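Chain by chain, the residues run as shown.
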Amino acid sequence: MSALASFKNIYHGQSTEPGEIRLTHGGLAWQGTETKAVVTVASESMRAAQWIRVARSFQLRLLLSSDKRRVTFDGFHRDDHDKVAHICKQHWDLALDTRELSYRGWNWGEYDIQTDDLQFLVANKPLFEIPLSAIANSNIAGKTEVSLEFLNPEQLKPDPAAPRRRRAGDELVEMRFYVPGTVERGEDDEGGEG
Amino acid sequence: DKDGKDGKQSFKRYASYKGELALPKEVEDLKIHVDRRNRTVLLPVYGYAVPFHINAIKNTSKSDEGDFTYLRINFQTPGQVGGKKEDMPFEDPDKTFIRSVTYRSADGARFDNIYRQITDLKKEVSKLEAEKRDKMD
């Protein structure tokens, strides 16, 4: 099928391998430049489309109806928005929703657990999302502290045949939260991790 | 007691960025970045560039284990022991707080540098705020 548009230097999910994405009437296809691996998404399986500013510029996120999962592509440019929005609307019958994140720099808010993600919101806007599949372990450390440990990339991708490539930036290992919960406030002398 | 009179400090609102346009370009390499001008540390979290204002950060610690250097950033949260800081003000202590995040890197020298940048920025901002408080008194 002929491409309505194609974009280079696009990353699939958290991968550090750049690739090219082609948008067609029937959906989209991404191909990695090094591995030649292909990811396709048929337009019938798309339930919603979102446009999000992420670290690697802009992300096209598609929520899929089939198994309620989502697929993400990072690396779009700001100017690509209108082209992508047009294809979403004209060919896939989807509105491309821009999701606003929080840039306040606060470390307090609310967490929300969704189908596939743990979301942290600051003043009702997402600060980040963590895929539940990336959480290796969680612990309750003291009455108001919860810790999450994350899978490192080797654990996430145990494929020794995969080509060695540059490390995917700094690796998040652990995150701890203070969760006030239902414990009566006032007489608190915390067990204290400090 | 929200206004925090009688010697208690009141919480002063702060903000890192007005919107995504202001995010520094360096975040795209998915590494920790210190934006000194905006007093903000940007952390990579599953593809997002997540800003934390230096005021939200308490301190940073670093350790080496095997091939990796670990960097832990501790944030200001209620219910912490140590230091007589019971009057540390919070906008809303009933929220959930991120208390710490730990990263690892095989590039120890870079984490040494990040550690120093965060520690220096914290010192610098604390000093400026202490000076401001002295002038007001």
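Cut-off values and rules
Residues numbered from 1 in each chain as written. Chains lettered and ligands numbered in written order. Predicted model: local features only at pLDDT ≥ 70, side-chain atom pairs only at ≥ 80, totals over all residues. Heavy atoms only, no water. Helix = DSSP H or I, 4+ residues; strand = E, 2+ residues; numbered from the N terminus. Buried < 20%, exposed > 50% of the residue type's maximum accessible area, 1.4 Å probe, protein only. Contact = heavy atoms within 4.5 Å. Areas by Shrake-Rupley, 256 points an atom, 1.4 Å probe, with all protein chains shown as cover. pLDDT = per-residue confidence, 0-100. Pairing = 2+ DSSP bridges. Axes fitted to C-alpha atoms, helices over the stretch in contact; angles between N-to-C directions. Expected span 1.5 Å × (residues − 1). Phe/Tyr/Trp six-rings, centres within 6.5 Å; stacked < 30°, edge-to-face > 60°. Buried area = accessible area lost by both parts, 1.4 Å probe. Salt bridge = Lys/Arg side-chain N within 4 Å of Asp/Glu carboxyl O.

## A word on the overall build of chain B
In step 1: For chain B, the count of helices and strands is 1 helix and 6 strands.
In step 2: From first element to last, N terminus to C terminus, chain B shows the α and β order β-β-β-β-β-β-α.
In step 3: A burial count over chain B gives 45% of its 137 residues as buried.
In step 4: Put simply, of all contacts in chain B between residues at least 6 apart along the chain, 51% involve residues at least 24 apart.
In step 5: For chain B, the exposed surface amounts to about 8,000 Å²; the carbon and sulfur share of it is 47%.

## Observations concerning the confidence of the model for chain A
Residues and elements named next belong to chain A.
In step 1: In the predicted model, chain A carries a mean pLDDT of 87, and 84% of its residues have values of at least 70.
In step 2: Between the elements of chain A, mean pLDDT differs from a low of 61, seen in helix α2 (residues 153-156), to a high of 98, seen in helix α1 (residues 81-92).
In step 3: Confidence drops under pLDDT 50 across residues 158-166; counting only partners more than four residues distant or on other chains, this segment forms 9 contacts.
In step 4: Below a pLDDT of 50 lies the segment residues 185-194, which in the model reaches 10 contacts outside its immediate sequence neighbourhood of four places, other chains included.

## Points about the environment of tryptophan 51 of chain A
Residues and elements named next belong to chain A.
In step 1: With respect to the helices, strands and loops of the structure, tryptophan 51 is situated in strand β5 (residues 46-54).
In step 2: Since its relative accessible area comes to 3%, tryptophan 51 is described here as buried.
In step 3: Considered as a pair, tryptophan 51 and aspartate 74 are 23 residues apart in the sequence and their alpha carbons are 9.8 Å apart.
In step 4: Setting aside residues no more than four positions away along its own chain, tryptophan 51 makes contact with Phe58, Gln59, Phe76, His77, Arg78, Asp80, His81, Val84, Leu96, Asp97, Thr98 and Arg99.

## Describing the sheet that holds strand β1 (residues 33-35) of chain B
Residues and elements named next belong to chain B.
In step 1: Strand order in the open sheet formed by 3 strands is β1-β2-β3, with antiparallel pairing between adjacent strands. Sheet topology places β1 and β3 (48-53) at the edges, where each strand pairs with a single neighbour. Taken over all neighbouring pairs, the strand axes of this sheet differ in orientation by 30° on average, direction set aside.
In step 2: Along the sheet face, helix α1 (residues 108-136) touches β1 and β2 (40-45) and points at about 25° away from the line of β1.

## Topic: α1 of chain B
Residue and element names in this part refer to chain B.
In step 1: Taking 1.5 Å per residue as the helical rise, α1 with its 29 residues ought to reach 42 Å, and the 42 Å between its terminal C-alpha atoms agrees with that figure.
In step 2: Within the span of α1, buried status applies to Arg110, Phe111, Ile114, Ile118, Leu121, Lys122 and Val125.
In step 3: Contacts from the buried residues of α1 go to β1, β2, β4 (57-65), β5 (68-75) and β6 (96-105).

## Points about the packing of aromatic side chains
In step 1: Tallying each qualifying case throughout the model produces 14 aromatic pairs over all chains.
In step 2: Summarising the aromatic geometry, the rings of phenylalanine 120 of chain A and phenylalanine 128 of chain A are spaced 5.8 Å apart at their centres and angled 15° between planes, so their arrangement reads as stacked.
In step 3: Under the relative-accessibility criterion, phenylalanine 128 of chain A is labelled buried at 1%.
In step 4: Taking the centre distance of 5.9 Å and the plane angle of 75° together, the rings of tyrosine 178 of chain A and phenylalanine 97 of chain B count as edge-to-face. On the criterion of chain membership, the pair formed by tyrosine 178 of chain A in strand β14 (residues 171-178) and phenylalanine 97 of chain B in strand β6 is interchain, its members lying in two chains. Considered together, tyrosine 178 of chain A and phenylalanine 97 of chain B belong to a single accessibility category, that of buried residues.
In step 5: An aromatic cluster is present here, built from Trp106, Trp108 and Tyr178 of chain A together with Phe11, Tyr14, Phe90 and Phe97 of chain B joined pairwise through their rings.

## Focus: the interface of chain B and chain A
In step 1: On the side of chain A, 51 residues touch chain B, which itself brings 53 residues to the contact.
In step 2: With both sides pooled, the region where chain B packs onto chain A buries about 4,800 Å², and carbon together with sulfur makes up 57% of that total.
In step 3: Among the residues of chain B in contact with chain A, Tyr46, Tyr48 and Thr96 of chain B are the three that bury the most area, contributing 19% of the side total.
In step 4: At the boundary of chain B and chain A, one finds 6 salt bridges.

## Quick notes on the side chain of histidine 33 of chain B
In step 1: Positionally, histidine 33 of chain B belongs in strand β1.
In step 2: Overall, the relative accessible area of 17% leaves histidine 33 of chain B in the buried class.

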